[in-house]
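Commentary on secondary and tertiary structure
Letter by letter, the chains look like this.
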Amino acid sequence: MKKVISFVLCFAMLMGTFCLGANALSIEASTDELNALFLDGEYEGMDCVYYSPVKTGDTTKYPLFVWLHGNASGTEPRRQLKYRRFCNWASDEFQARFQNAGGCILFAPRSNGATNSWSEITTAHLKRMIDAFISDHKNNIDMTRIYISGYSVGADMTWSMLLAYPDFFAAGIPCSAITPPTTSEVSKLCDTSVWMINCDIDFWAGAKTSSIKPVFNAIKESSHRKDGVRLTSLSQVVLANGNKQGSYQEEHYTWETVTYDMHMNDHVTPYKYATTIDGNGQAISFENPEEGVISWLSQQTNHKADESNGDSGFKSFFNKIIEFFKNLFRIFFS
């Protein structure tokens, strides 16, 4: 009988492994295959695409990563998935890099503005959209790990969201923001981790590394988490395959460093022409392929968000009471 039970268990494990492998997609999958993992949604009158690692019966609390497209990347549904292979983040390899959860929910809203720009969408509108999405997935989202990133005009909106809701986001990654915030504005981000990514020779004056350096210096001066503040400067921009874009705007495309997790498309070589320092002046290297943007994000939390959530605060207090009595029981009866 024991042999039969052992056989059944082994068979079940084997089938589970097979099913997992059948549903999984490697980073080597095509763009179309990885994009197909993203679902369509609509919140507050704006459409979006999202990826969720949540499985049936899954009670894991996953971080949420919000990705904001740039100009001309939101003219039609799902267009925000077309450029720079953001779909990499839905791959098995990238999902596994998220520590403490082994995955991350990805959320990419699309600006429906007439000019295809976030300038027509208020921060309050976008926040309501994010809140509505969170409400639909509240059982599986870790409110202390809400991250936001965007490129070009999406980076401008990233800054706007960080400044409007500094107690909501644990970290932000603005890439080539055309209009960076002022040094006085960022003083409120003392408890928020920010990684700025810019090019020295960007054709947009506001997006040049020289334009963002004063902001970086201001944040690191006031920050309570200096190791959570980073600046990446690219002396020039190449695609992840090492080739140039072939456009005069190519030096603006720094966000591919994020979609490839700070490595070239061989997923081993650190991204070329990039220099990164943190708020302590420490140089950051990416010789380990698994140490990139995702590794950094996994270290960033915002417990203010948890404290402001009544239910989460109560649960935290209740869990502490339970742990106290467990320890008391061990003392007297162990």
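Residues numbered from 1 in each chain as written. Predicted model: local features only at pLDDT ≥ 70, side-chain atom pairs only at ≥ 80, totals over all residues. Heavy atoms only, no water.

Within the element layout of this structure, aspartate 156 appears in helix H5 (residues 153-164). For aspartate 156, which is buried and forms no salt bridge, the nearest opposite charge comes from lysine 208, at a distance of 15 Å. Residues contacting aspartate 156, with those up to four places away along its chain left out, are Ala177, Ile178 and Thr179. (Helix = DSSP H or I, 4+ residues; strand = E, 2+ residues; numbered from the N terminus. Buried < 20%, exposed > 50% of the residue type's maximum accessible area, 1.4 Å probe, protein only. Lys, Arg positive; Asp, Glu negative; His and termini not counted. Salt bridge = Lys/Arg side-chain N within 4 Å of Asp/Glu carboxyl O. Contact = heavy atoms within 4.5 Å.)

Moving on, we come to the nonpolar core. Membership of the largest hydrophobic core comes to 44 residues, with the highest contact counts inside it found for Phe38, Phe65, Trp89, Leu106, Ile173 and Leu297. Counting residues per element, the ones that place at least two in this core are strand S2 (46-51), strand S3 (62-68), strand S4 (105-109), strand S5 (141-151), strand S6 (171-175), strand S7 (193-199) and helix H8 (293-298). Examining the composition of this core, we find that four residues originate from one element, H8, more than from any other. Excluding residues within four positions of it along the chain, tryptophan 89 makes contact with Phe65, Phe94, Gln95, Phe98, Leu106, Val258, Thr259, Val293, Ile294 and Leu297. Formed by 43 residues, the second largest nonpolar core is a distinct cluster that contains Met46, Ile134, Val153 and Ile212. (Core = buried A, V, L, I, M, F, W, Y, C linked by side-chain atoms within 4.5 Å.)

Pairing of side chains with opposite charge becomes possible as their charged atoms draw close. By the definition in use, this model includes nine salt bridges. In this structure, aspartate 261 engages arginine 97 in a salt bridge whose closest nitrogen and oxygen atoms are separated by 2.6 Å. Of this pair, aspartate 261 sits in the loop between helix H7 (256-259) and strand S9 (274-278) while arginine 97 sits in the loop between helix H3 (92-96) and S4, placing them 164 residues apart in sequence. The burial state of aspartate 261 is the same as that of arginine 97; both residues are buried. Here the residues in one salt-bridge network are Lys244, Glu250 and Glu251, joined through shared partners.

With that settled, the discussion passes to the pairing of S3. Buried residues dominate S3, accounting for seven of its seven residues. Sheet analysis places S3 next to S5, joined by six bridges and oriented parallel. For leucine 68, the partnering residue across the bridge sits in S5 and is glycine 150. (Pairing = 2+ DSSP bridges.)

For the rest of this paragraph, the subject is the confidence of the model for the protein chain. On average, residues of the protein chain score 85 in pLDDT, and 82% of them reach the 70 mark or higher. Segment residues 1-22 is flagged for pLDDT under 50; beyond a separation of four residues in sequence, or across chains, it makes one contact in the model. Note that pLDDT drops below 50 for residues 308-320; the model gives that stretch three contacts with residues more than four away or on any other chain. (pLDDT = per-residue confidence, 0-100.)

As a further point, take the environment of isoleucine 201. Looking at the element boundaries, isoleucine 201 is found in the loop between S7 and helix H6 (209-222). On the basis of relative accessible area, isoleucine 201 is assigned to the partly exposed category, the value being 44%. In the structure, isoleucine 201 is positioned 51 residues away from histidine 252 in sequence and 8.3 Å away in space, judged by C-alpha atoms. Setting aside residues no more than four positions away along its own chain, isoleucine 201 makes contact with Lys208, Ser235, Gln236 and Glu251.

Taking 1.5 Å of rise per residue, 14 residues should cover 20 Å, and H6 covers 20 Å from first to last C-alpha, within 8% of that figure. For H6, every residue scored as buried is listed here: Thr209, Ile212, Val215, Phe216, Ala218, Ile219 and Lys220. On its buried side, H6 packs onto H5, S7, strand S8 (229-234) and S9. (Expected span 1.5 Å × (residues − 1).)

Excluding glycine, a negative phi dihedral is what most residues carry, and trans is how most peptide bonds are arranged. In this structure, aspartate 261 is a non-glycine residue whose phi angle is positive, near 55°. With a phi close to 65°, histidine 267 is a non-glycine residue in the positive phi region. Within the fold, histidine 267 resides in the loop between H7 and S9. With relative accessibility at 13%, the residue histidine 267 sits in the buried group.

Bringing the pairing of S9 into the picture now. For S8 and S9, the ladder comprises five bridges, and the chain directions are antiparallel. Looking across to S9, one finds that leucine 231 is bridged to isoleucine 277. One ladder, built from two bridges, connects S9 with strand S10 (residues 283-284); its direction is antiparallel. For threonine 276, the partnering residue across the bridge sits in S10 and is isoleucine 284.

Strand order in the open sheet made by the 10 strands is S1-S2-S4-S3-S5-S6-S7-S8-S9-S10, with mixed pairing throughout. At either end of the open sheet lies a strand with only one pairing partner, and these are strand S1 (39-43) and S10. Bridge count between S3 and S4: three bridges; the pairing is parallel. Bridged to phenylalanine 65 within S4 is leucine 106. Contacts between H5 and the sheet are confined to S3, S5, S6 and S7, with S5 contributing the most and set at about 140° to the helix. The strands touched by H6 within the sheet are S7, S8 and S9, with S8 carrying the most contacts at an inclination of about 165°. (Axes fitted to C-alpha atoms, helices over the stretch in contact; angles between N-to-C directions.)

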